[in-house]
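# An overview of the molecular structure
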Amino acid sequence: MNQAEIAAQIDHTVLAPQSKHQTFVDACRYAAEHHCASVCICPFFVRECADLLRNSGVKVCTVIGFPHGTHTTDAKVFESRVAMEDGADELDMVVNISKVKDRDWAYVENDIAAVCKVVHGANRILKVIFEMCFLDEEEKIRLCEICTRLGVDFVKTSTGYGTHGATVSDVALMKAHVGPHVRIKAAGGIHNAEELLALRKAGATRFGCSRTEAVLAGFDA
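This section reports on the structure supplied with the text. Remember, predicted model here, so these are calculated numbers, not experimental data.

### Digging into the pattern of salt bridges
- Across all of its chains, the model carries 18 salt bridges by this definition.
- As a salt-bridge pair, arginine 103 and aspartate 136 come within 2.7 Å of each other at their nearest N and O atoms. Of this pair, arginine 103 sits in the loop between α5 (97-101) and α6 (105-121) while aspartate 136 sits in the loop between β5 (125-129) and α7 (137-150), and the two are 33 residues apart along the sequence.
- A relative accessible area of 30% places arginine 103 in the partly exposed class.

### Thoughts on unusual backbone geometry
- Here phenylalanine 66 and proline 67 are connected by a cis peptide whose omega angle stands at 0°.
- The residue proline 67 is located in the loop between β3 (59-64) and α4 (73-86) in this model.
- Here asparagine 55, not a glycine, exhibits a phi torsion of approximately 70°, which is positive.
- Assignment of secondary structure puts asparagine 55 in the loop between α3 (46-53) and β3.
- Take asparagine 55: its relative accessible area is 81%, and that puts it in the exposed class.
- Positive phi, normally seen in glycine, also occurs at arginine 103, with a value near 60°.

### Comments concerning the packing of aromatic side chains
- The tally for this structure, following the rule as stated, stands at four aromatic pairs.
- Note on phenylalanine 24 and phenylalanine 44: the rings are 5.4 Å apart at their centroids and 85° apart in plane angle, and the pair reads as edge-to-face. Note that phenylalanine 24 is positioned in helix α2 (residues 21-34) and phenylalanine 44 in the loop between β2 (38-41) and α3, a separation of 20 residues in sequence.
- The exposure class assigned to phenylalanine 24 is buried, which follows from its relative accessible area of 1%.

Rules of the game
Residues numbered from 1 in each chain as written. Predicted model: local features only at pLDDT ≥ 70, side-chain atom pairs only at ≥ 80, totals over all residues. Heavy atoms only, no water. Salt bridge = Lys/Arg side-chain N within 4 Å of Asp/Glu carboxyl O. Helix = DSSP H or I, 4+ residues; strand = E, 2+ residues; numbered from the N terminus. Buried < 20%, exposed > 50% of the residue type's maximum accessible area, 1.4 Å probe, protein only. Phe/Tyr/Trp six-rings, centres within 6.5 Å; stacked < 30°, edge-to-face > 60°.

Here it is as structure tokens:
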């Protein structure tokens, strides 16, 4: 695969809380120049990001309930509505990790379903972040089943702020347990082309990268 084909699968990401305004602007310009799938940025920058990316073909992506997922469901729904009004095309929502650890599956499913309803009602894309580093295998599989049942667009491995990011084994587990209509986004700790290709081989079709330039350097132009 060449740089253009890989770039089209990358959500070029700036979510670090210490990021300055120019960092967000530069990310939009870089993604537009390289035709990335999207720019994934903090919610407060969505409106400006949408202006910068207008007519570029690059989507605007932001995060909901980030990074721990412990916002109330009403807060996540409100946050989603504001993000979409500001111009977000894709929303990456963190599950309530605390409720997953309690195995409170009714709460977890209702939380995801509420956001899914408002996002799909606006014809936007929902990605659900599991934060795999905190979960055991049973919890990961149960989340895959819930997300399949609800019809989310993507399941996503990580926020990038847990104890580790995407792993080949976690992507393979997701691939084995989600339905055929649910795609997989690998995110967190993707440093180079080799790591991305291994995750792609395991089943991921979208990649969250803050080191996009280093990753693309490993592919022919």
